[in-house]
Amino acid sequence: MAHLSVIQSSISMPTSTDTCPRRYGIKAHNLRFQDKSWAPVPSVHLKTKNAPSIHYYRVSMSVQQAGRTEVTVLPLELEDANQPPLNLYKPKESYTATIVSVERIVGPKAPGETCHIVIDHGGNVPYWEGQSYGVIPPGENPKKPGTPHNVRLYSIASTRYGDSFDGKTASLCVRRAVYYDPDTGKEDPSKNGICSNFLCNSKPGDKVQITGPSGKVMLLPEDNPNATHIMIATGTGVAPFRGYLRRMFMESVPTFRFGGLAWLFLGVANNESLLYDEEFTKYLQDYPESFRYDRALSREQNNRNGGKMYVQDKIEEYSDEIFKLLDEGAHIYFCGLKGMMPGIQDTLKRVAEQRGESWEEKHSQLKKNKQWHVEVY
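Not measured: the values here are computed from a predicted model.

Overview of the overall build of the protein
Regarding its fold elements, the protein presents 8 helices and 20 strands. Counting all 377 residues of the protein, 53% fall into the buried class. Put simply, the protein shows about 17900 Å² of open surface, and 48% of that area lies on carbon and sulfur atoms.

Right, here's the structure in full:
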């Protein structure tokens, strides 16, 4: 998998007869980032050779630039609220947003397809890091003819300022849900995920009905900017953590200056399935004292017992350090498929017993102290 250091963070706009992205509030030819110029370049698919062409322009900025000089974000009024925005738009009165860009972000050898989708909400559906949007796919609910589809929740993969740093967009990390008949091995489109396929098939300019934002469990606690945050994700569960890390290391937020430790564990199938790896690797290079990043590649790595390497194996590998950090007040987050939790819980329980501790008591105390954050689906 190629690791490019230039196109790491981007603002993507559809092309038209007027390719200047001025209508998006950005004058591309004059926009400067400190001493670095921003310039529009044709969009490219970084990790796939045969993906369909999506025609839009991208204003590119390297994470290296962002990491070292930090991006100015606006409007800073988004920092003023004392409580997170909740359920501003409900299923019966959803907000009509616009697709800005859809980009495949896994390689051709990754099992399945995952897309990074940027949605323009015009600043009308503000959110905080760790919250989710609901998406209502078009069409009728087959179980209730004449009614819309049910809402599908997706963790937001950007900070409150969005990928364009202006508070008008939100990003989703969506894996296309495809069903294969176990007997024939052939895809059955009638059983494919309705909402994930709608989003991954969307084009710039398409409309999307969103609800929310929702969720308080995964909000990033900012009362102590020097706190330790241990983030454990499988697949697209990395979405909220991308938002956390951009806020910690990429953006210049006067009211929040991160001085603690962020430690990300990401479990995926193989190297080409890694999500936002270039961004995270750059943070690791630029902030080695403040960021740690461990990958668990189940199809390419073995654990200490010779079996497949899953995220819980990485946790066990660093268990002494993790337990020590938890004892010191670290926050720990889990996001991903529901099936990740039993293996992780079993590992934590085994480690606790080896240390002469009761995992039930420790787990209860972590929840009581609001150090334990779980969002699985």
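Overview of the pattern of salt bridges
The full count for this structure, using the stated rule, is 22 salt bridges. Via salt bridges that share partners, Glu 79, Glu 129, Arg 160, Glu 222 and Arg 247 belong to a single interconnected network.

So, the sheet that holds strand 9 (residues 132–136)
Strand order in the open sheet formed by 6 strands is 12-9-14-7-8-13, with antiparallel pairing between adjacent strands. The open sheet has two free edges, formed respectively by strand 12 (152–155) and strand 13 (169–175), since each of these has just one partner strand. Direction aside, neighbouring strands of the sheet carry axes that sit 40° apart on average. Both strand 9 and strand 14 (residues 207–214) contribute to a ladder of 4 bridges, which runs antiparallel. In the strand pairing of strand 14, Ser 132 is matched with Ser 214.

A short note on the packing of helix 7 (residues 340–354) against helix 8 (residues 359–368)
Close contact between helix 7 and helix 8 brings their axes to 9 Å; oriented N to C, the two are set at 115°. Only Trp 359, Glu 360 and His 363 of helix 8 make contact with helix 7, whose side of the interface consists of Gln 345, Leu 348, Lys 349 and Ala 352. Of the residues in the contact of helix 7 with helix 8, the class split is 3 nonpolar, 2 polar and 2 charged.

Description of unusual backbone geometry
Residue Pro 75 is bonded to the preceding Leu 74 through a cis peptide linkage, with omega at -5°. Its location among the elements puts Pro 75 in the loop between strand 6 (71–72) and strand 7 (95–104). A cis amide bond links Gly 212 with the next residue in sequence, Pro 213, at an omega value of 0°. Mapping Pro 213 onto the fold places it in strand 14. The backbone of Asn 87 sits at a positive phi, close to 50°, despite the residue not being glycine. By the element assignment, Asn 87 lies in the loop between strand 6 and strand 7. Overall, the relative accessible area of 41% leaves Asn 87 in the partly exposed class.

Section: the packing of aromatic side chains
Scanning the model with the defined rule gives 20 aromatic pairs in all. Summarising the aromatic geometry, the rings of Phe 249 and Tyr 283 are spaced 5.5 Å apart at their centres and angled 40° between planes, so their arrangement reads as tilted. Placement of the pair is Phe 249 in helix 3 (residues 239–250) and Tyr 283 in helix 4 (residues 277–286), with a sequence separation of 34 residues. An identical accessibility class is assigned to Phe 249 and Tyr 283; each is buried. By the ring-pair criterion, three or more aromatic residues cluster together here, those being Phe 249, Phe 256, Phe 258, Tyr 276, Phe 280, Tyr 283, Tyr 287, Phe 291 and Tyr 293. Seen from the ring of Trp 263, Arg 292 lies directly overhead, with NZ or CZ sitting 3.7 Å from the centre.

A short note on the confidence of the model for the protein
Looking at the protein, the pLDDT average stands at 84 and 82% of residues meet or exceed 70. Counting contacts from residues 1–67, a segment whose pLDDT is below 50, to residues more than four positions away or on other chains yields 140 contacts.

Some thoughts on the nonpolar core
The biggest cluster of nonpolar side chains holds 39 residues, and the ones touching the most others in it are Val 238, Phe 241, Leu 245, Met 248, Leu 264, Phe 280 and Phe 291. In terms of residue count, the dominant contributor to this core is helix 3 (7 residues). Not counting residues up to four positions away in its chain, the partners in contact with Leu 245 are Met 231, Met 250, Ala 262, Leu 264, Phe 280, Tyr 283 and Phe 291. Core analysis: the second largest hydrophobic core is formed by 23 residues, Ile 232, Val 311, Ala 352 and Trp 359 among them.

Looking at helix 6 (residues 319–327)
Residues of helix 6 that are buried include every one of Ser 319, Ile 322, Phe 323, Leu 325 and Leu 326, and no others. Looking straight down helix 6, one finds its buried side chains confined to an arc of 160°; they lie on one side. Downstream of helix 6 by one or two residues, Gly 329 has phi in the positive range, about 105°.

Calculation notes
- Residues numbered from 1 in each chain as written.
- Predicted model: local features only at pLDDT ≥ 70, side-chain atom pairs only at ≥ 80, totals over all residues.
- Heavy atoms only, no water.
- Helix = DSSP H or I, 4+ residues; strand = E, 2+ residues; numbered from the N terminus.
- Buried < 20%, exposed > 50% of the residue type's maximum accessible area, 1.4 Å probe, protein only.
- Areas by Shrake-Rupley, 256 points an atom, 1.4 Å probe, with all protein chains shown as cover.
- Salt bridge = Lys/Arg side-chain N within 4 Å of Asp/Glu carboxyl O.
- Pairing = 2+ DSSP bridges.
- Axes fitted to C-alpha atoms, helices over the stretch in contact; angles between N-to-C directions.
- Contact = heavy atoms within 4.5 Å.
- Nonpolar A, V, L, I, M, F, W, Y, C, P; charged D, E, K, R; others polar.
- Phe/Tyr/Trp six-rings, centres within 6.5 Å; stacked < 30°, edge-to-face > 60°.
- Lys NZ or Arg CZ within 6 Å of the ring centre and 35° of its normal.
- pLDDT = per-residue confidence, 0-100.
- Core = buried A, V, L, I, M, F, W, Y, C linked by side-chain atoms within 4.5 Å.
- Arc of directions from axis to C-beta.

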